[in-house]
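# Geometric and topological summary
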2 protein chains.
Amino acid sequence: MHKYALHIMYDGSNYSGWQIQPHSLSIQQLVQDAVRTLVKEDVNVVGSGRTDAGVHALDQVAHFRCKEPQDIHYLCKALNGILPKEIRVSSVEAVDIHFHAQRSAKSKEYHYHLALGAIVSPFERQYTWHVPYKIDLTLLKEAAALFIGTHDFRSFANSAHTGAAAKNSVRTIYRLDVVPKDNNVTLIFHGNGFLYKMVRNIVGMLINVASGKKSLSDILETLEAKDRRKAPMSAPPQGLFLVKVEY
Amino acid sequence: MHKYALHIMYDGSNYSGWQIQPHSLSIQQLVQDAVRTLVKEDVNVVGSGRTDAGVHALDQVAHFRCKEPQDIHYLCKALNGILPKEIRVSSVEAVDIHFHAQRSAKSKEYHYHLALGAIVSPFERQYTWHVPYKIDLTLLKEAAALFIGTHDFRSFANSAHTGAAAKNSVRTIYRLDVVPKDNNVTLIFHGNGFLYKMVRNIVGMLINVASGKKSLSDILETLEAKDRRKAPMSAPPQGLFLVKVEY
């Protein structure tokens, strides 16, 4: 048996997300179909984790196992020949047979882009969340700091599809940076793992606090409550990028 | 009578270009329809020049004339409420009644983006021309320098729709910079005016020279020939941005 890891970039705007689902066009499905066509085996392509409809990736990692050894350079080029231009395989590497794209992941980095001006550039409309009301950047940084560290993030996880997360919802956020640039702000999340919709739920809370709808103490109370119903609505998907998976 | 200038950004990917044409969705049509709805007069919106299908603008300028004075801040906001998110009006200004978006223009700046790596990022696929073969950057700069100055650009103009250009095809290019960044190169054109498809035709020639298919002396011969049939094919539209119009 041989095992390979794929590094994949995608613009998620027109897809139903990473994960294979019936009656919808997922990135996992397209990548898996392309790999099967080239490898000529019924491989399963397993990603580091799902990304929702409209969420993007600069470096999603996925693995597959097959009987025959592959020419990684040819495979990379041929996959890009088959896949739509919204999905690019930046590299293919041979990995240890015990490597698992999801279970071997040690940490992940996500970026969330906010557009704060009155007008969103047409070139950023699919890659930012437009927040046209007044945001206090100092308050945004203070709010972000409250999420850093090890917490039970149950209040910030959607549970619908995550039996696993329900068992253990403690995660560690190493870094949550607020990086302003012109009229935009990027929120940089780095942590040992993220529950389902956790980044978008935290961003929703951060914007509620930075715009004065919630207070800093509401964050602490919501974390404490361990109840999703206590947290505000999710931020929309198009501002979110999976940037890096570390093993 | 009152006259107003609009500053407009657009992602041209899904449109038939700036100019109103029967049976196709143009940016001029959408902007004009939106202005007519708000101003409640049958105004004509006149742009600084056409951009082709797939070409983008960071700052296209257009004017219209109307009987009633307008609240420019309200108009800007309301136009953005009506227009699709691919088209944004960044500002509206009251201008002199003699101002003409096309005829008063003194110079224009266009940028053309080339993606030179093996793989184009999904986020740049609609905003670059992918040139995957070997490009000699020194040769590209030498080739670009030959276009700077005042020349008869007839060989680099498509004549199909340009009766006017056929009469006088002498233009001055003040600046044609080659700006590399990572695996991309931006070509910055600044000139007193550009004939129909002139930028894309010059880019086509530049890439032919920089990839060794044509020589530097072919540029001089093509300029001298004053015959469109002597020049290579146009570069594709999606790499081209109208960046600035100066008055």
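Cut-offs applied
Residues numbered from 1 in each chain as written. Chains lettered and ligands numbered in written order. Predicted model: local features only at pLDDT ≥ 70, side-chain atom pairs only at ≥ 80, totals over all residues. Helix = DSSP H or I, 4+ residues; strand = E, 2+ residues; numbered from the N terminus. Rg over C-alpha atoms; globule rule 2.2 N^0.38 Å. Buried ≥ 20, exposed ≤ 12 C-beta atoms within 10 Å, placed from the backbone. Contact = placed C-beta atoms within 7 Å. Nonpolar A, V, L, I, M, F, W, Y, C, P; charged D, E, K, R; others polar. Pairing = 2+ DSSP bridges. Least-squares fit on C-alpha atoms with pLDDT ≥ 70 in both. Domains from an automatic or database assignment. Expected span 1.5 Å × (residues − 1). Arc of directions from axis to C-beta. Axes fitted to C-alpha atoms, helices over the stretch in contact; angles between N-to-C directions. Parallel < 35°, antiparallel > 145°, perpendicular 65-115°, else oblique. Left-handed = near helix turned anticlockwise from the far one by under 90°. pLDDT = per-residue confidence, 0-100.

### Some remarks on the overall build of chain A
Across its full length, chain A carries six helices and ten strands. For chain A, the C-alpha radius of gyration of 19 Å lies close to 18 Å, the compact-globule estimate for 247 residues. Overall, chain A is about 60 × 40 × 30 Å in size when its C-alpha atoms are taken along their principal axes. Looking at the 247 residues of chain A, the share that counts as buried comes to 38%. Contacts in chain A between residues at least 24 apart in sequence constitute 71% of all its contacts with a sequence separation of at least 6.

### Side note on the interface of chain A and chain B
The partner chain B presents 14 residues to the 14 residues of chain A that form the contact. Those elements giving two or more residues to the side of chain A that touches chain B turn out to be β1 (2–10) and β4 (87–95) of chain A. Among the residues forming the side of chain A that touches chain B, the class breakdown is six nonpolar, three polar and five charged.

### Side note on the pairing of strand β1 (residues 2–10) of chain B
Residues and elements named next belong to chain B. Where β1 lies against strand β3 (residues 56–66), eight bridges are found, and the strand directions are antiparallel. Bridge assignment links histidine 2 to a residue of β3, and that residue is cysteine 66. Where β1 meets strand β4 (residues 87–95), eight bridges bridge the pair, whose relative direction is antiparallel. Paired with isoleucine 8 across the two strands is valine 89, which belongs to β4.

### Considerations on the relation of the copies chain A and chain B
Mapping chain A onto chain B leaves a residual RMSD of 0.0 Å; the transformation is a rotation of 180 degrees accompanied by 0.0 Å of translation along its axis. A rotation of that kind, with that shift, is consistent with a two-fold axis. Minimal C-alpha distance to the rotation axis in chain A is attained by phenylalanine 123 of chain A, lying at 4.8 Å.

### Quick notes on the domain arrangement of chain A
All names here are of chain A. Considered domain by domain, chain A is made up of domain 1 (2–95) and domain 2 (107–246). Just the C-alpha atoms count here: the centres of domain 1 and domain 2 sit 27 Å apart. Opposite the 13 residues of domain 1 that make contact, domain 2 presents ten residues. When its residues are assigned to classes, the side of domain 1 that touches domain 2 shows five nonpolar, six polar and two charged.

### Concerning helix α1 (residues 27–39) of chain A
All names here are of chain A. For α1, spanning 13 residues, the distance from its first C-alpha to its last is 18 Å, which sits close to the expected 18 Å at 1.5 Å a residue. Those residues of α1 that fall on the buried side of the exposure criterion are Ile27, Gln28, Val31, Gln32, Ala34 and Val35. Angularly, the buried residues of α1 cover 160 degrees about the axis, an arc narrow enough to put them on a single face. Buried residues belonging to α1 abut β1, β2 (46–47), β3 (56–66), α2 (72–82) and β4.

### A few points about the packing of helix α3 (residues 137–145) of chain B against helix α5 (residues 198–210) of chain B
All names here are of chain B. Orientation of α3 relative to α5, taken along the N-to-C sense of each, is 140 degrees, at an axis distance of 8 Å. Here α5 runs oblique to α3, going by the angle between their axes. In the crossing of α3 with α5, the sense of the turn from one axis to the other is right-handed. Between α3 and α5, the contacting residues are Leu139, Leu140, Ala143 and Ala144 on the first element and Leu206, Val209 and Ala210 on the second.

### Regarding α3 of chain B
Within α3 of chain B, the full set of buried residues consists of Leu140, Ala143 and Ala144 of chain B. Summarising the axial view, the buried residues of α3 of chain B lie within an arc of 100 degrees, below the 170-degree limit, and thus occupy one face.

### Structural notes on the confidence of the model for chain A
Averaged over all residues, the pLDDT of chain A equals 94, while 97% of them reach at least 70. The ipTM value of the predicted complex is 0.91, and its pTM value is 0.92.

### Re unusual backbone geometry
All names here are of chain A. Within the chain, lysine 40 stands out as a residue other than glycine whose phi angle is a positive 60 degrees. Assessed through the 11 C-beta atoms surrounding it within 10 Å, lysine 40 is described here as exposed. Notably, aspartate 182 is not glycine yet its phi reads approximately 55 degrees, a positive angle. Looking at aspartate 182, the number of C-beta atoms within 10 Å reads 8, which means it is exposed.

### Here we look at the environment of isoleucine 219 of chain B
All names here are of chain B. Among the structural elements, isoleucine 219 can be located in helix α6 (residues 216–225). C-alpha separation for the pair isoleucine 219 and alanine 231, spaced twelve residues apart in sequence, amounts to 8.4 Å. Setting aside chain neighbours within four positions, we find isoleucine 219 in contact with Ala143, Leu146, Met205 and Val209.

### Thoughts on the environment of aspartate 11 of chain A
Structurally, the position occupied by aspartate 11 of chain A is in the loop between β1 and α1. When the 24 C-beta atoms within 10 Å are taken as the criterion, aspartate 11 of chain A is described as buried. Sequence separation of aspartate 11 of chain A and glycine 54 of chain A is 43 residues, and the distance between their C-alpha atoms is 7.8 Å. In this structure, aspartate 11 of chain A is in contact with His56 and Glu86 of chain A together with Pro122 and Phe123 of chain B, ignoring residues within four places of it in sequence.

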